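Report on the structure
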Amino acid sequence: MEIIEELKVLNVSHSFGFSDILKDISFTLKKGKVISIVGPSGGGKTTLLHLCAKLLTLEMGKIKNSFKSSSFAFQEARLLPWKNVIDNIALGLKAQGMAKDKREKEAKEIALKFGLEKDDFYKFPKDLSGGMKQRVSFARALVTNPTLLFLDEPFSALDIGLKKELQALLLQIIEEKELSILFITHDLMEAIKLSDEVLVLKAEPVGHIIKSFMFNYHKNLRDNTFVYEQTAKLLSDETIINTFELELK
Ligand SMILES: Nc1ncnc2c1ncn2[C@@H]1O[C@H](COP(=O)(O)OP(=O)(O)OP(=O)(O)O)[C@@H](O)[C@H]1O
Ligand SMILES: [Mg+2]
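Now for a description of the structure that goes with this document. (Residues numbered from 1 in each chain as written. Chains lettered and ligands numbered in written order. Predicted model: local features only at pLDDT ≥ 70, side-chain atom pairs only at ≥ 80, totals over all residues. Heavy atoms only, no water.)

1. Section: the pairing of strand E3 (residues 34-38)
Counting buried residues along E3, five of its five residues qualify, which places the element largely inside the surrounding structure. Side chains Val-34, Ser-36 and Val-38 of E3 all project onto a buried face; the interleaved residues Ile-35 and Ile-37 project onto the opposite face, where all are buried too. As paired elements, E3 and strand E7 (residues 180-184) share four bridges and run parallel to each other. In the strand pairing of E7, Ile-37 is matched with Ile-184. Pairing analysis gives four bridges linking E3 to strand E8 (residues 197-202), with the strands arranged parallel. Its bridge partner lying in E8, Ile-37 is registered against Leu-199. (Buried < 20%, exposed > 50% of the residue type's maximum accessible area, 1.4 Å probe, protein only. Helix = DSSP H or I, 4+ residues; strand = E, 2+ residues; numbered from the N terminus. Pairing = 2+ DSSP bridges.)

As structure tokens, then:
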């Protein structure tokens with residue numbers, strides 16, 4: 001019997017010491033779907049992602065992850081400074097025990113796909129631009145072909161052209177490989193472009209999901225007009241206005 005791949009989060013709460021950070025969070029991420037979590041800074045988004053990825057110990061509630069494999073791409077690229085581009089990308093393959101020749105071949109292929117050039121292969125992180133580091137970080141997360149990807153604001157420091165390029169690549173991979181993503185972003189337009197569901201996390205008094213929006217329209221058909229219209233609709237929603245403390249005058 002084939003296992004249904006999904007991430008099920010049930011009534012999860014979390015505190016750091018005496019500060020309550022998250023309260024009663026529940027959602028389900030299914031195979032091939034993208035869920036975005038948006039919300040103001042300090043609301044507990046990264047904490048939630050870390051709990052889901054088992055980078056933090058779960059205290060209350062349940063998280064059931066039946067995806068076959070997962071990987072994480074952090075907001076900062078977090079590359080190993082003593083390893084070159086190819087060795088950084090191939091880290092996960094090395095951990096799986098793949099032979100050196102084979103993992104280098106795969107790392108090079110994905111590096112090219114992610115817009116790095118042959119000249120960059122043997123550079124060390126200190127000699128890369130911020131955008132190049134982000135490409136390496138993405139390639140490293142995807143080279144092992146995970147079925148679930150955790151992304152913590154991966155595009156926030158990038159210029160708009162690069163952001164669009166990496167978003168398009170991500171959409172292609174979602175479609176081709178039925179990749180599932182739990183995606184943290186501050187950017188509503190980005191969330192609308194990439195997601196099947198957007199969860200709004202409100203920080204006050206404790207981080208909780210105040211609303212969820214579903215988007216059924218096919219992702220490849222979401223042009224600028226669609227994204228602008230939906231963003232405008234969300235921005236006029238009372239819960240969004242309150243959550244982000246927007247002043248509409
Ligand atoms: N290891 C920790 N120990 C104590 N408090 C922490 C720890 N990690 C996070 N916090 C606190 O938890 C709260 C939520 O932090 P978190 O990083 O999850 O927010 P966020 O929504 O990701 O914010 P941002 O959008 O700025 O990245 C903050 O008040 C933060 O200070
Ligand atoms: Mg964060």
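2. A short note on the site of ligand 1
Taken together, the residues surrounding ligand 1 are Phe-16, Ile-21, Pro-40, Ser-41, Gly-42, Gly-43, Gly-44, Lys-45, Thr-46, Thr-47, Glu-153 and His-186. Measuring from an oxygen atom of ligand 1, one finds a side-chain N or O atom of Lys-45 at 2.7 Å. Compared with its free state, where it exposes 640 Å², ligand 1 has 56% of that area covered by protein. Tallying contributions element by element places helix H1 (residues 45-52) first for the shell around ligand 1, with three residues. The residue makeup of the shell around ligand 1, split by class, is three nonpolar, seven polar and two charged. (Near = heavy atom within 4 Å. Polar contact = N/O pair within 3.5 Å; in protein donor to acceptor, adjacent residues only side chain to side chain. Areas by Shrake-Rupley, 256 points an atom, 1.4 Å probe, with all protein chains shown as cover. Nonpolar A, V, L, I, M, F, W, Y, C, P; charged D, E, K, R; others polar.)

3. Remarks on the sheet that holds E3
Strand order across the open sheet formed by six strands is E5-E6-E7-E3-E8-E9, with mixed pairing between neighbours. Edge strands, defined here as strands with exactly one partner in the open sheet, are strand E5 (70-73) and strand E9 (208-214). Each strand of the sheet is rotated relative to its neighbour by a mean of 15 degrees, with strand direction disregarded. Note: strand E6 (residues 148-152) against E7, five bridges, orientation parallel. Pairing of Phe-150 across the sheet is with Leu-182, part of E7. (Axes fitted to C-alpha atoms, helices over the stretch in contact; angles between N-to-C directions.)

4. A look at helix H5 (residues 130-142)
If you check H5, its first and last C-alpha atoms are 19 Å apart, about what 13 residues at 1.5 Å a residue would give, namely 18 Å. Counting buried residues in H5 gives 11 out of 13 residues, a clear majority hidden from the surface. For H5, the set of buried residues is Gly-131, Met-132, Gln-134, Arg-135, Val-136, Ser-137, Phe-138, Ala-139, Arg-140, Ala-141 and Leu-142. Those residues of H5 hidden inside the fold are in contact with E5, helix H2 (85-89), helix H3 (91-95), helix H4 (100-113), E6 and helix H6 (160-177). (Expected span 1.5 Å × (residues − 1). Contact = heavy atoms within 4.5 Å.)

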